[in-house]
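The lines below spell out each chain.
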Amino acid sequence: MGRRWGFLIGFVGAVWLLGSGRGGQQSPETAAQRCFCQVSGYLDDCTCDVETIDRFNNYRLFPRLQKLLESDYFRYYKVNLKRPCPFWNDINQCGRRDCAVKPCQSYSEVANNLIEECEQAERLGAVDESLSEETQKAVLQWTKHDDSSDSFCEADDIQSPDAEYVDLLLNPERYTGYKGPDAWKIWNVIYEENCFKPQTIKRPLNPLASSQGKSEENTFYSWLEGLCVEKRAFYRLISGLHASINVHLSARYLLQETWLEKKWGHNITEFQQRFDGILTEGEGPRRLKNLYFLYLIELRALSKVVPFFERPDFQLFTGNKVQDAENKMLLLEILHEIKSFPLHFDENSFFAGDKKEANKLKEDFRLHFRNISRIMDCVGCFKCRLWGKLQIQGLGTALKILFSEKLIANMPESGPSYEFHLTRQEIVSLFNAFGRISTSVKELENFRNLLQNIH
């Protein structure tokens, strides 16, 4: 492999191939090396290394975070899945709320196959909206607040008759069959129209564009590296979220379905198609690095917001005083663990230039992100729409926290906090979104191990 390549073996037993660049290198021996060869050492734009993140997440944080997200306060998310797409009309033509992949098509010589595919997609993508009678009574008592003055997301109209609580544990994020042009269109609009990219710069491996050569890829990354740190971070956050979602779909893939049960598990081939360095022409490992970057951003936000949750007046209110108190203790335990992380991302360089220009850039940043949250209403798969809306709101809440440091520091120790406040929706989305990223990091360990002996 050449002398400049070496191995870093961490607690997880993952194989890391050190080095940089792809030109002239030989094909790595294993599939694990092809997927993770560039995901090593320090990440771009920060001083943290992936091995430290893996150890911290997988062995210190992940189990407690999963326990917290199973509690009643965090498992119920209110969402309006019936909001119309504000940008185009060619979705949801099945006429059924749970049609997940693409419009049902009229009869033709291949109609039977199309109908069967659509029906399967409906089953996989349908949202389970069932709540127990006890839960329905409880959620009516939960205090609802609305504070969107500095929100990075287009607020869902949770007071609408169409908005309803969904049990996230009954609707796990996993493969639904939502793919192809409909799904590509969503991501294409996000990347092409909301990531500060001029149309003359071609994004690598864009499935809706013509094939591109090496020179166009180099042009894209030269352009990206020339951006200011804020705009570069914006792109990397979106890419990291996209990668995280693809990890979830690959890790909870429908492997087998019978009339008795469905079998879900790790689809190694699907993972390789999305992240293998050779199959993706080097893009896959870049995507995984961006996933780690997203992890650090959300981790940093959680460390910054500790004072808000430490206030005596704050409750994780569900009406069960004993469980609410226990959950708050667990929440604070997790937050203090996060605060102890040794290599936090330093966001102080964001919007740190000329005050007028910095404020304009921050507003552009916020408006672009709010626009992405509106695009989630165009997702044709309702289960995908649910998790897309939640994770975008969670990331938006993390950004709101990072840019409210002074407001958080000036909060009163007791009583209402008027200048900085998080709604229940923001809190639930913040922790569940981070839970999704945390799960992705954990699943990367599983995929590394599964790919070790595959060539």
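Calculation criteria
Residues numbered from 1 in each chain as written. Predicted model: local features only at pLDDT ≥ 70, side-chain atom pairs only at ≥ 80, totals over all residues. Heavy atoms only, no water. UniProt positions renumbered as here; feature names shortened; annotations may be inferred. Helix = DSSP H or I, 4+ residues; strand = E, 2+ residues; numbered from the N terminus. Expected span 1.5 Å × (residues − 1). Bend = angle between axes of the 7 residues up to and from the residue. Polar contact = N/O pair within 3.5 Å; in protein donor to acceptor, adjacent residues only side chain to side chain. Buried < 20%, exposed > 50% of the residue type's maximum accessible area, 1.4 Å probe, protein only. Axes fitted to C-alpha atoms, helices over the stretch in contact; angles between N-to-C directions. Parallel < 35°, antiparallel > 145°, perpendicular 65-115°, else oblique. Left-handed = near helix turned anticlockwise from the far one by under 90°. Contact = heavy atoms within 4.5 Å. Nonpolar A, V, L, I, M, F, W, Y, C, P; charged D, E, K, R; others polar.

The name given to the chain in an unreviewed UniProt entry is ERO1-like protein alpha, with the source organism recorded as Lynx canadensis. Per UniProt, the chain carries the Sequence similarities (unreviewed entry) text "Belongs to the EROs family." The UniProt entry for the chain carries the following text under Cofactor (unreviewed entry): "FAD".

S.K.: Please give an account of helix 2 (residues 50–69) that cites residues and values.
M.R.: With 20 residues, helix 2 should cover 28 Å at 1.5 Å per step; its first-to-last C-alpha distance of 24 Å lies more than 12% under that length. When the local axis directions of helix 2 are compared, the greatest deviation, roughly 55°, occurs at Leu-61, which is followed within four positions by the proline Pro-63. The residue sitting at the N-terminus of helix 2 and contributing the capping side-chain oxygen is Asp-49; that oxygen lies 3.2 Å from the backbone nitrogen of Glu-51.

S.K.: Tell me what's going on with helix 10 (residues 283–304), and back it up with residues and numbers.
M.R.: Between the first and last C-alpha of helix 10 there are 32 Å, a value that for 22 residues agrees with the 32 Å anticipated at 1.5 Å per step. Counting buried residues along helix 10, 20 of its 22 residues qualify, which places the element largely inside the surrounding structure.

S.K.: Which residues make up the packing of helix 8 (residues 229–251) against helix 9 (residues 268–275), and what values do they have?
M.R.: At a minimum axis separation of 9 Å, helix 8 and helix 9 run at an interaxial angle of 160°. By the angle between their axes, helix 8 is roughly antiparallel relative to helix 9. Here helix 8 and helix 9 pass one another in a crossing that is right-handed. In this structure, helix 8 contributes Ala-243, Asn-246, Val-247 and Ser-250 to the contact, and helix 9 contributes Glu-270, Phe-271, Arg-274 and Phe-275. When grouped by side-chain class, the residues that make up the contact of helix 8 with helix 9 number four nonpolar, two polar and two charged.

S.K.: Before we move on, can you summarise the UniProt feature "active site" (unreviewed entry) in the chain with the specific residues and values?
M.R.: In this structure's numbering, the residues bearing the UniProt feature "active site" (unreviewed entry) are Cys-381 and Cys-384. By secondary structure assignment, the location of Cys-381 is in the loop between helix 13 (355–375) and helix 14 (382–402). Tracing the sequence through the fold places Cys-384 in helix 14. When its relative accessible area of 22% is taken as the criterion, Cys-384 is described as partly exposed. Each residue touching Cys-384, except ones within four places of it in the same chain, is listed here: Thr-176, Tyr-178 and Val-379.

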